Structure formats: structure tokens, C-alpha cells
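Coordinate analysis (summary)
Single-letter residue listing:
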Amino acid sequence: MVHDDPVLQRRTWVHDPDRVAKILHSVQSATMDLIRILKPVPRLHTHHFLIEVEKKQGTVEIPEFRKENFLFMFELEQSDIKFKRVFLARNDVWNFPGVEMQRNSREKKMMRFTDKNCKHWYMNIIRYSEEKYMVIDGWDEFVKERGVEAGDLVGFFKHEHPCHRKHYLIGILKKEDKQNPGQPSGGSEAGRGAGSSSGSHKGKEIAGGD
């Protein structure tokens, strides 16, 4: 299976712990390497998994949230927290090359988002309807660890040195830090279908508040 992440070292079958140990030894995994165990679609049997080993980088690059790289943002609602998923408008997803999917597709695509602390968040996105996509796996972990709440703004930016086509920056502006309180256009789920970018809070403010 071809993967577009250049730092991906090995993807193979996993059947038992001994096999995993041999695989990790074969790719010479080291401390701070990132290892992910994934469930493939389609899955051939109950013991069919994928393993990814991403080698640590020699230096840590601090991401830059430049205003000119700002893509879009939206204001979170309580349902985005409670139901452990978030909807994105189709027009907004067009900012993510390589993620477009056909309607009624059962495909899931994994995206990589990096925050200001250089932590990488891996989230699966699916096509939900004609006008919406839905971010599922990985979203709840991000919400809990970053303490995201309803009313906060979440913004996305281009990464100046992405690892692959589905690698972007993610930033948060807490609701108490907003200079101009108010719901951005498209704040509701229905509104996001027409686009969710706001004119009152642009990229620099979101990056600074995160």
C-alpha cells in the first residue's frame, strides 16, 4: 500500500506481540519514535492491523502560524464536545488537498494537525453528506487534552514545511480571549455547510490565543 508521508518507514501485517517486537527491531525504532497501530479498511480478519513507525526528527521545528497561511475557522458548539466529533463544511475541506471524497463514500482519510507545542494530532475525516465532512477519530482526544470548550474558536493554517499533503496546523482561541465576542458566520452545523470562516477573527489572533 502506497502512503504519501515521506517519514513513514514501514507498514505491514501485525498478528501477535512477538511479531510486533520483530517489526520494531527491523525498523530500528528508538526512543521518541512515533508508533501507530491502525485498523485497516477493509479488514481481512480480526487479527489484521497496520503498523506505522515514524522516525523522530533531528531537530524540533516550532510551527509558525502566519496570517497569510490562515485557511478557515469555526466556533465550537456544545454538540461538538458532547458527541466527540465535529462537522466541517465541504467548502472549507477544499482547503485540504487530497481529502476530497465522493458522496456516500465509506472511505476514511487520516489528517495530521500540529499545534503550537509541536504536538501532532492524527484525526480521521469522512464524508458525511453533500455539504459536510465529519472529523471523528482523534478529535475527542484533542478536545480533552487541550481543554477545548463550546464557544472557543478553532482555526486551521497551512504548514510551511508539511510532511505530506494532509499535514496542517491547528490553533485555538479561547472564548474568554476573544476581542470581539460573537458567533462567526456559519457557527451552527447548518451554517457550516456554507462555509465557516469569520471576518472578525483572523489567523494571527487564533495563533496567539492558542
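Just so it is clear, the structure is predicted and the values come from calculations on it, not from any experiment. (Residues numbered from 1 in each chain as written. Predicted model: local features only at pLDDT ≥ 70, side-chain atom pairs only at ≥ 80, totals over all residues. Heavy atoms only, no water.)

Quick look at the packing of aromatic side chains now. For the structure shown, the criterion picks out 12 aromatic pairs. Between Phe72 and Phe96 the ring centres are 5.6 Å apart and the planes differ by 55°, which places this aromatic pair in the tilted class. One end of the pair, Phe72, is in strand 3 (residues 70–75); the other, Phe96, is in the loop between helix 3 (90–93) and strand 5 (109–114), and 24 residues separate them in sequence. Both residues of the pair, Phe72 and Phe96, belong to the buried class. The structure contains a cluster of three or more aromatic residues connected by ring pairs, namely Phe72, Phe74, Phe96, Phe113, Phe156 and Tyr168. Seen from the ring of Phe87, Lys132 lies directly overhead, with NZ or CZ sitting 4.9 Å from the centre. (Phe/Tyr/Trp six-rings, centres within 6.5 Å; stacked < 30°, edge-to-face > 60°. Helix = DSSP H or I, 4+ residues; strand = E, 2+ residues; numbered from the N terminus. Buried < 20%, exposed > 50% of the residue type's maximum accessible area, 1.4 Å probe, protein only. Lys NZ or Arg CZ within 6 Å of the ring centre and 35° of its normal.)

The subject of this paragraph is the confidence of the model for the chain. Averaged over every residue, the pLDDT of the chain is 75; the share at 70 or more is 61%. In the predicted structure, residues 1–15 sits below a pLDDT of 50 and forms 50 contacts with residues beyond four places in sequence or in another chain. pLDDT under 50 marks residues 180–195. Its contacts with residues more than four places away, or in other chains, come to 41 contacts. (pLDDT = per-residue confidence, 0-100. Contact = heavy atoms within 4.5 Å.)

Side chains Lys132 and Met134 project from strand 7 (residues 132–135) onto one buried face, and the interleaved Tyr133 and Val135 project onto a second face that is buried too. Relative to strand 7, strand 4 (residues 86–89) runs antiparallel, the two being bridged by 4 bridges. Residue pairing for strand 7: Phe87 is matched across the bridge by Met134. Pairing between strand 6 (residues 120–127) and strand 7: 3 bridges, direction antiparallel. Of the residues in strand 7, the one forming a bridge with Arg127 is Tyr133. Counting the residues between successive antiparallel strands, the hairpin from strand 6 to strand 7 contains 4 residues. (Pairing = 2+ DSSP bridges.)

The residue Arg43 is located in the loop between strand 1 (34–38) and strand 2 (50–54) in this model. Residue classification places Arg43 among the partly exposed residues on the basis of a relative accessible area of 33%. Not counting chain neighbours up to four residues away, the residues in contact with Arg43 comprise His48 and Phe49.

Here we take up the sheet that holds strand 3. Taken together, the 7 strands give an open sheet; going across it, the order is 3-8-9-5-6-7-4, and neighbouring strands pair in mixed fashion. Of all strands in the sheet, those bounded by a partner on one side alone are strand 3 and strand 4. Adjacent strand axes in the sheet meet at a mean angle of 35° when their direction is disregarded. Examined bridge by bridge, strand 5 and strand 6 share 6 bridges and lie antiparallel to one another. Bridge pairing in strand 6 places Met111 opposite Met123. Against the sheet, helix 4 (residues 139–146) engages strand 4, strand 6, strand 7, strand 8 (153–158) and strand 9 (167–173), with an angle of about 140° to strand 6. (Axes fitted to C-alpha atoms, helices over the stretch in contact; angles between N-to-C directions.)

Looking now at helix 4. Buried within helix 4 are the following residues: Trp139, Asp140, Phe142 and Val143. Buried residues of helix 4 fall within an arc of 160° about the axis and therefore sit on the same side. Against the buried residues of helix 4 lie helix 2 (78–82), strand 4, strand 6, strand 7, strand 8 and strand 9. A positive backbone phi angle near 65° is found at Gly147, which sits one or two residues after helix 4. (Arc of directions from axis to C-beta.)

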